[in-house]
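Notes for the structure review
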Amino acid sequence: MPKLITQVGCPYCGSSCDDLEVLVSDDGKKILETHNACVIGNEIFHHVSSPSRPKKPRMRQPDGTMKEISYDEAVDFTAKTLLKSKKPLIYGFGSTNCEGMSAVARVAEKAGAVLDNCASICHGPSFLAIFDNGYPSCTLGEVKNRADVVVFWGCNPMHAHPRHTSRYSIFPRGFFTTKGQMQRTIICVDPRETDTAKLADMHLMIKQGHDYDLFDAFRTVLRGHPIPEEVAGIKREKIEEAAEAMKKARFCMIFFGMGCCHTDGRNHNIDIAISTTRDLNTYTKASIMAMRGHYNIAGPGQVWSWQFGFPYCLDLSKGTHAHMNPGETSSIDLAMRDEVDCFVNVGTDAGAHFPIAAIKHLKKHPFITVDPNICMASEISDLHIPVRVVGVEEPGVVYRMDNVPIQFKKVIDGPEGVPSDEELFDMVYKRMCELTQTEPFWILAKGHAQASTPTEH
Amino acid sequence: MPTITLKPYKTPELMLECYNITPDVFAGKKPEEIAELEIREGKTRVKLGDFFEASGSSGMTAAETDIHIAGDCTRVKYIGNKMTAGSITVDGNADMYVGGWMKGGKIHVKGNVHSFCGIAMEGGEILVDGNAENYVGCAYRGDWRGMRGGTIRIKGNAGNDIGTFMLGGTIIIENNAFIHVSTHAEGGTVIIKGDVQGRVGGQMVKGDIYVFGNIQYMLPGFKQVDKVEKEVDGEKATFLHYIGDLGERHPKSKGKEIYANLYVKA
Ligand code: SF4
């Protein structure tokens, strides 16, 4: 009899839905149906059984072809390459669990590497703003139960986070928002008429790249000063009307995406958005949140901040302390300035996301990809190591976009012999310790911690 | 003044981190000892002598020591890091963090500098004949106490984030700047002789900005209050006087709010 597994987490977008149901075949090897997931979430569950999925590491040969090798050989190559490099860059982690991220961090420390995650090309500017100006945020549960004015600034959840609007931000009926959508005023700030903008009660069609000016206008209005007739392509009356709606809210929520943190000014756009949120709190309750892209991209920020004190762009090459300064220690800058001599791409596709020029620089040196599937990065790599798919074949802790940790489940067994990210990087760490004749103390510490934890997890 | 000359003779594969190239470290050392100083290329520890030929003599104290780098430092970071006195001249370009956390003395770069020039500077002088990239005289990430004193003069153009979180001191850009001047500043003076695209004085609490050229996009939080005659950096001109950022908090003195000033040449 096929088995229905409930409360399954979806390893796709930053909404990190945890209410999926998955129907699994008798032998626990095949996924038959998924319920509750959106189109893109559904896809990831069916993707795992693709027959073209690699089940062994593949190493590039002198003639350019890829040849299958054993995991031991792949681990050995990775360990040696990391040790030999003067400054390796380990980047990625859009799609893996916190256990894997902490295992990678142990490897990075040992390798004196730079450790960076996809935030570097995504919500990195938001981090900078948060360092500078704080983060008056809340959970998505609070949004659902309280928010009656919701602002989407430079984000389009209807496409990027399909169930965000139905689970948290527009449609759901909550404790104080019993009438659902009827009770919510939606304001969308976007230069295009996106599907989210079409749903909104008010669409401010901002002139692209002028987010900072518009926030400044809102702040000036909120402090009772006059503003010019038009700011960022939007008429004064419309700005005043939107400001009034936010002020009158019982709970105003601002969600922002790439459209805000990746136009000119970047971190400053978010910085002033945070200041605006603070200003709104003079009148009502207001909160702000980054629309994080992947289901656990908030994870590395949490895990590495705990391990090293910084969420991303961690330069561990000094050996004595972690140094972080995006602009210098951020992946793209390091690549473009030829500051690294080895690249390890984990659970993301730098091949598809990085500028071609950056990839060309990185390709001068060893290039390793760790990813369950074939992707652009894997196909230009010197070594591709497949791993199990988190959330489908491997359980683990993930952080949703509001930094709420959720325990994800495994629904089927992974392909035989294929390790998880955590297992793989623990093997690399052990091999590095063997090669340098040092004690693998993190593995020993982990053993102690596991032995002294009574409950299974 | 006794001068130590460093002649670069080898280009590093990655970037060199030379926290040690300061009059403070060089003072009282012979060229042979200076060549032995540790610098870093990634995680590898190398010696200054592996990349530079050191000659000449140093003074007994930092104030009596002059460093002359007779060549290009495009791939050398942290020149003059935390220096308190003395002087450094670079004949070519220099990479990031020139004069970072500097407290005193003088640095003269004859070429261009990369980002973070004069980051968290407290005193002294930096002169750059060429252009600067981003973050001239800015604060370190997350620090609300930026540049506190000293002078930075860039003869060419500068990028974005000039004087972010500035508290004191002076920054002069003799040509154009991109965006974000004195963002979050609570003091200090920035003078831009050329044009700026926009975001001048955003979230600014206190301090002064002078722009001789054009501001393409003025922030809505700035309001013109006056027209004044002023002498700035040796030049006399009439300026439109704006106050702002009206969207930001401002301290009060004798019951009146104190705003930041923006002067744009009329
Ligand atoms: S909204 Fe996101 S997390 Fe939820 S099912 Fe769709 S892809 Fe998965």
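Quick note: structure is the one above.
Before going into details, it helps to say that this report is about the structure given with it. The model shown is predicted, which means the values in this text are computed figures rather than measured ones.

1. Notes on the overall build of chain A
Assigned secondary structure in chain A consists of 19 helices and 21 strands. Along the longest, intermediate and shortest principal axes, the C-alpha atoms of chain A span 70 × 55 × 45 Å. If you take every contact in chain A between residues at least 6 apart in sequence, the share linking residues at least 24 apart comes to 67%. Accessible surface computed for chain A: about 17900 Å², of which carbon and sulfur atoms make up 54%. Each charge class in chain A was averaged separately, 49 positive and 56 negative side chains, and the resulting centres sit 1 Å apart.

2. What to know about the packing of aromatic side chains
Residues and elements named next belong to chain B. Counting across every chain of the model gives 22 aromatic pairs over all chains. Put simply, the rings of Tyr 19, Tyr 78, Tyr 97, Trp 101, Phe 116 and Tyr 135 touch in pairs and so form one group of aromatic residues. In this structure, Lys 10 is placed above the aromatic ring of Phe 51, and the distance from its NZ or CZ to the ring centre is 4.9 Å. Against the face of Trp 144 rests Arg 145, its NZ or CZ located 4.2 Å from the ring centre.

3. Quick look at a nonpolar patch on the surface
Side chains of Phe 441, Trp 442 and Leu 444 of chain A sit close together on the surface and give an oily, nonpolar patch of about 300 Å² of accessible area. When you line up the elements, Leu 444 of chain A lands in helix 19 (residues 441-451).

4. Some thoughts on empty space enclosed by the protein
Inspection of the entire model under this criterion finds 2 cavities of 30 Å³ or more. What lines the largest cavity is a set of 17 residues, and nearest its centre among them are Asp 132 of chain A together with Tyr 135, Ala 139, Tyr 140 and Arg 141 of chain B. Going through the elements one at a time, helix 4 (124-133) and helix 12 (267-280) of chain A are the ones with two or more residues in the lining of the largest cavity. Sorting elements by how many residues they give to the lining of the largest cavity places helix 4 of chain A first, with 3 residues.

5. Quick look at the sheet that holds strand 14 (residues 285-290) of chain A
As a general point, the strands of a sheet are linked pairwise by backbone hydrogen bonds and lie either parallel or antiparallel. All names here are of chain A. Spatially, 10-9-8-13-14 is the arrangement adopted by the 5 strands of the open sheet, whose pairing is parallel. In the strand order of this sheet, the two ends are held by strand 10 (202-204) and strand 14, each with one partner. Ignoring which end each strand starts from, the neighbouring axes of this sheet average 15 degrees apart. Against the sheet, helix 10 (residues 236-248) makes contact with strand 8 (149-153), strand 9 (185-189), strand 10 and strand 13 (251-256), and its axis sits at roughly 130 degrees relative to strand 10, the strand it touches most.

6. A look at the layout of surface pockets
Any empty space left between atoms is shown by rolling a water-sized probe over those atoms. There is about 770 Å³ of room inside the second largest pocket. Forming the walls of the second largest pocket are 33 residues, and the residues nearest its centre are Arg 266, Gly 327 and Asp 333 of chain A together with Asn 134 and Tyr 135 of chain B. Of all the secondary-structure elements, those providing two or more residues to the lining of the second largest pocket are helix 4, helix 12 and helix 14 (331-336) of chain A together with strand 13 (177-181) of chain B. For the lining of the second largest pocket, the per-class residue count stands at 13 nonpolar, 13 polar and 7 charged. Mapped onto the domain boundaries, the lining of the second largest pocket takes at least three residues apiece from domain 2 (58-122 + 295-436) and domain 3 (124-290) of chain A.

7. Some points on the interface of chain A and chain B
At the interface, 54 residues of chain A touch 45 residues of chain B. Regarding the contact of chain A and chain B, the summed buried area is about 3700 Å², with carbon and sulfur atoms giving 45% of it. Counting residues per element, the ones that place at least two in the side of chain A that touches chain B are helix 2 (71-84), helix 4, helix 9 (211-222), helix 12 and strand 16 (323-324) of chain A.

8. Quick word on the site of the ligand
Residues and elements named next belong to chain A. The environment of the ligand is formed by Cys 10, Tyr 12, Cys 13, Ser 16, Cys 17, Ala 37, Cys 38, Ile 40, Gly 41, Pro 162 and Arg 163. At a threshold of 2 Å from the grid points, most atoms of the ligand map onto the second largest cavity. Looking at the shell around the ligand residue by residue, the class counts come to 8 nonpolar, 2 polar and 1 charged.

9. What about the side chain of Asn 97 of chain A?
Residue and element names in this part refer to chain A. With respect to the element layout, Asn 97 can be found in the loop between strand 6 (88-92) and helix 3 (98-111). Since its relative accessible area comes to 2%, Asn 97 is described here as buried. Engagement of the side chain of Asn 97 in a polar contact is seen with the backbone nitrogen of Gly 100, the distance being 2.9 Å. Side-chain polar atoms of Asn 97 contact the backbone oxygen of Pro 395, separated by 3.0 Å. Those residues within four positions of Asn 97 in sequence are excluded, and the remaining contacts are Asn 296, Val 390, Glu 394, Pro 395, Gly 396 and Val 397.

10. What about the packing of helix 2 of chain A against helix 18 (residues 421-436) of chain A?
All names here are of chain A. Two elements in contact, helix 2 and helix 18, have axes whose closest approach is 9 Å; the angle formed by their N-to-C orientations is 60 degrees. As judged from the angle between their axes, helix 2 and helix 18 are oblique. For helix 2 against helix 18, the interelement crossing comes out right-handed. Contact residues: Tyr 71, Val 75, Asp 76, Thr 78, Ala 79, Lys 80, Leu 82 and Leu 83 in helix 2; Leu 424, Met 427, Val 428, Arg 431, Met 432, Leu 435 and Thr 436 in helix 18. Considering only residue class, the contact of helix 2 with helix 18 consists of 10 nonpolar, 2 polar and 3 charged.

Reading the values: the criteria
- Residues numbered from 1 in each chain as written.
- Chains lettered and ligands numbered in written order.
- Predicted model: local features only at pLDDT ≥ 70, side-chain atom pairs only at ≥ 80, totals over all residues.
- Heavy atoms only, no water.
- Helix = DSSP H or I, 4+ residues; strand = E, 2+ residues; numbered from the N terminus.
- Contact = heavy atoms within 4.5 Å.
- Areas by Shrake-Rupley, 256 points an atom, 1.4 Å probe, with all protein chains shown as cover.
- Lys, Arg positive; Asp, Glu negative; His and termini not counted.
- Charge placed at Lys NZ, Arg CZ, Asp CG, Glu CD.
- Phe/Tyr/Trp six-rings, centres within 6.5 Å; stacked < 30°, edge-to-face > 60°.
- Lys NZ or Arg CZ within 6 Å of the ring centre and 35° of its normal.
- Patch = residues over 30% accessible without salt bridge, like charges linked within 9 Å, V, L, I, M, F, W, Y side chains within 5 Å.
- Salt bridge = Lys/Arg side-chain N within 4 Å of Asp/Glu carboxyl O.
- 1 Å grid on protein atoms, 1.4 Å probe; cavity = no way out; pocket = protein on both sides within 12 Å on 5 of 7 lines; lining within 4 Å.
- Points joined across faces, edges and corners; volume = space filled by probe spheres on them.
- Pairing = 2+ DSSP bridges.
- Axes fitted to C-alpha atoms, helices over the stretch in contact; angles between N-to-C directions.
- Nonpolar A, V, L, I, M, F, W, Y, C, P; charged D, E, K, R; others polar.
- Domains from an automatic or database assignment.
- Buried area = accessible area lost by both parts, 1.4 Å probe.
- Near = heavy atom within 4 Å.
- Sits in = over half its atoms within 2 Å of the grid points.
- Buried < 20%, exposed > 50% of the residue type's maximum accessible area, 1.4 Å probe, protein only.
- Polar contact = N/O pair within 3.5 Å; in protein donor to acceptor, adjacent residues only side chain to side chain.
- Parallel < 35°, antiparallel > 145°, perpendicular 65-115°, else oblique.
- Left-handed = near helix turned anticlockwise from the far one by under 90°.

So yeah, pure geometry; function would need other evidence.
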